[in-house]
Amino acid sequence: QQQVRQSPQSLTVWEGETAILNCSYEDSTFNYFPWYQQFPGEGPALLISIRSVSDKKEDGRFTIFFNKREKKLSLHITDSQPGDSATYFCAPYQGGRALIFGTGTTVSVSP
Amino acid sequence: SVLLYQKPNRDICQSGTSLKIQCVADSQVVSMFWYQQFQEQSLMLMATANEGSEATYESGFTKDKFPISRPNLTFSTLTVNNARPGDSSIYFCSTGTGLTEVFFGKGTRLTVV
């Protein structure tokens, strides 16, 4: 399968801090980059996404920064809350094909 | 949007037996995808199923072990043959519409004892 790498594997931040999650991919045909949030025992849920024509997408406390040339993107969670504790997956996509999930980053937010 | 219903939600089966997991969409979709997720790991794409044709399997997954049927545009079945404890995981069906919309079933948690 296509390689989609995420770092770090796990991350602990204090409440109120910014968590930065990184993702890199190989396939230059991907044109849509969603991030999924998954809580234990649940399925993945779409959190925020960006299309390859943009370099930044903001939705509340969540921001994606996208570098098409380097095939990298990052998810910033500002003012982290304990409820943000979950595993986050970068899942590059090209319409009509399956999502390819990254390795995931588990975020723990300590109050 | 598309709603995907998976059945069963969870199951426990004996080693060596087979289990069927059904996925039903509330509207017609071209492709259905099946994913496997082990505990605390990522979702791994198993196969892509289009109506009327054999499923396309990703590396590490075979038709003999995980046969998939796609008899029509709203239905797919994943079978786990000769189940082993190493098959214990959550199985998700998924589909995509248009350029950016992707939908998931709630998953089937399988435990093989």
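This is a predicted model, so every value here is computed, not measured.

(A) Main features of the overall build of chain B. Counting secondary structure elements, chain B contains zero helices and 11 strands. Taken over C-alpha atoms, the radius of gyration comes to 13 Å for chain B, in line with the 13 Å a tight globule of 113 residues would show. Along the longest, intermediate and shortest principal axes, the C-alpha atoms of chain B span 40 × 25 × 25 Å. In chain B, the share of contacts with a sequence separation of at least 24, taken over all contacts with a separation of at least 6, comes to 51%. Total accessible area on chain B is roughly 5600 Å²; 50% of this is exposed by carbon and sulfur atoms. Across chain B, the 9 positively charged side chains and the 9 negatively charged ones have centroids separated by 7 Å.

(B) Structural context of the state of the cysteines. Residues and elements named next belong to chain A. What the rule picks out here adds up to two disulfides over all chains. Between the sulfur of C23 and that of C90 lies a disulfide, 2.1 Å long from S to S. Torsion about the S-S bond of the C23 and C90 cystine: about -65°, corresponding to left-handed handedness. Of this pair, C23 sits in strand 3 (residues 19-25) while C90 sits in strand 9 (residues 86-90), and the two are 67 residues apart along the sequence.

(C) Focus on the sheet that holds strand 1 (residues 4-7) of chain B. Residues and elements named next belong to chain B. Strand order in the open sheet made by the four strands is 1-3-8-7, with antiparallel pairing throughout. In this open sheet, the two edge strands, each paired with only one partner strand, are strand 1 and strand 7 (68-72). Within this sheet the neighbouring strands show an average axis-to-axis angle of 20°, counted without direction. Two strands pair when backbone bridges link them, and strand 1 and strand 3 (residues 19-25) are joined in this way by four bridges, in the antiparallel orientation. Directly across from Q6, in strand 3, lies its bridge partner C23.

(D) Local environment of the environment of Y88(A). All names here are of chain A. Secondary-structure assignment places Y88 in strand 9. Residues Y88 and S49 lie 39 residues apart in sequence; the distance between their C-alpha atoms is 12 Å. Excluding its chain neighbours within four sequence positions, the residues that come into contact with Y88 are Q6, L21, W35, Y36, Q37, L47, F62, L75, I77, G104, T105 and V107. There is a polar contact of 3.0 Å between the side chain of Y88 and the side chain of Q37.

(E) Quick peek at the nonpolar core. Counting 41 residues, the largest nonpolar core has W35(A), L75(A), Y88(A) and Y35(B) as its most contacted members. Membership of the second largest hydrophobic core comes to 26 residues, among which are M46(B), A55(B), L78(B) and L110(B).

(F) Inspection of the interface of chain B and chain A at higher detail. Opposite the 19 residues of chain B that make contact, chain A presents 20 residues. Taken over both partners, the interface formed by chain B and chain A buries close to 1500 Å², and the fraction arising from carbon and sulfur atoms is 59%. Taken together, chain B and chain A are joined by zero salt bridges. Viewed at the interface, chain A and chain B are joined by three residue pairs in polar contact (both at pLDDT 80 or more). Elements with a minimum of two residues in the side of chain B that touches chain A: strand 4 (31-37), strand 5 (43-50), strand 9 (89-97) and strand 10 (101-104) of chain B.

(G) View of a nonpolar patch on the surface. A surface patch of nonpolar side chains, amounting to about 270 Å² of accessible area, comprises L3(B), Y5(B) and V24(B). Inspection of the secondary structure puts V24(B) in strand 3.

(H) Up close: the pattern of salt bridges. All names here are of chain A. Scanning all chains against the criterion turns up seven salt bridges over all chains. As a salt-bridge pair, R61 and D84 come within 2.8 Å of each other at their nearest N and O atoms. Pair noted here: R61 is in the loop between strand 6 (56-59) and strand 7 (62-67) and D84 is in the loop between strand 8 (72-77) and strand 9, with a separation of 23 residues, a long-range link. Between R69 and E70 there is a salt bridge, and its shortest N-O distance comes to 3.3 Å. On the basis of relative accessible area, R69 is assigned to the exposed category, the value being 70%. For E70, a relative accessible area of 37% corresponds to the partly exposed category.

(I) Seen up close, the sheet that holds strand 3 of chain A. All names here are of chain A. Read across the open sheet, the five strands follow the order 1-3-8-7-6; overall the sheet is antiparallel. Since the sheet does not close on itself, it has two edges, and those belong to strand 1 (4-7) and strand 6, each with one partner. In this sheet, adjacent strand axes meet at a mean angle of 15° when their direction is disregarded. Relative to strand 8, strand 7 runs antiparallel, the two being bridged by six bridges.

Calculation rules
- Residues numbered from 1 in each chain as written.
- Chains lettered and ligands numbered in written order.
- Predicted model: local features only at pLDDT ≥ 70, side-chain atom pairs only at ≥ 80, totals over all residues.
- Heavy atoms only, no water.
- Helix = DSSP H or I, 4+ residues; strand = E, 2+ residues; numbered from the N terminus.
- Rg over C-alpha atoms; globule rule 2.2 N^0.38 Å.
- Contact = heavy atoms within 4.5 Å.
- Areas by Shrake-Rupley, 256 points an atom, 1.4 Å probe, with all protein chains shown as cover.
- Lys, Arg positive; Asp, Glu negative; His and termini not counted.
- Charge placed at Lys NZ, Arg CZ, Asp CG, Glu CD.
- Disulfide = S-S within 2.5 Å.
- Pairing = 2+ DSSP bridges.
- Axes fitted to C-alpha atoms, helices over the stretch in contact; angles between N-to-C directions.
- Polar contact = N/O pair within 3.5 Å; in protein donor to acceptor, adjacent residues only side chain to side chain.
- Core = buried A, V, L, I, M, F, W, Y, C linked by side-chain atoms within 4.5 Å.
- Buried < 20%, exposed > 50% of the residue type's maximum accessible area, 1.4 Å probe, protein only.
- Buried area = accessible area lost by both parts, 1.4 Å probe.
- Salt bridge = Lys/Arg side-chain N within 4 Å of Asp/Glu carboxyl O.
- Patch = residues over 30% accessible without salt bridge, like charges linked within 9 Å, V, L, I, M, F, W, Y side chains within 5 Å.

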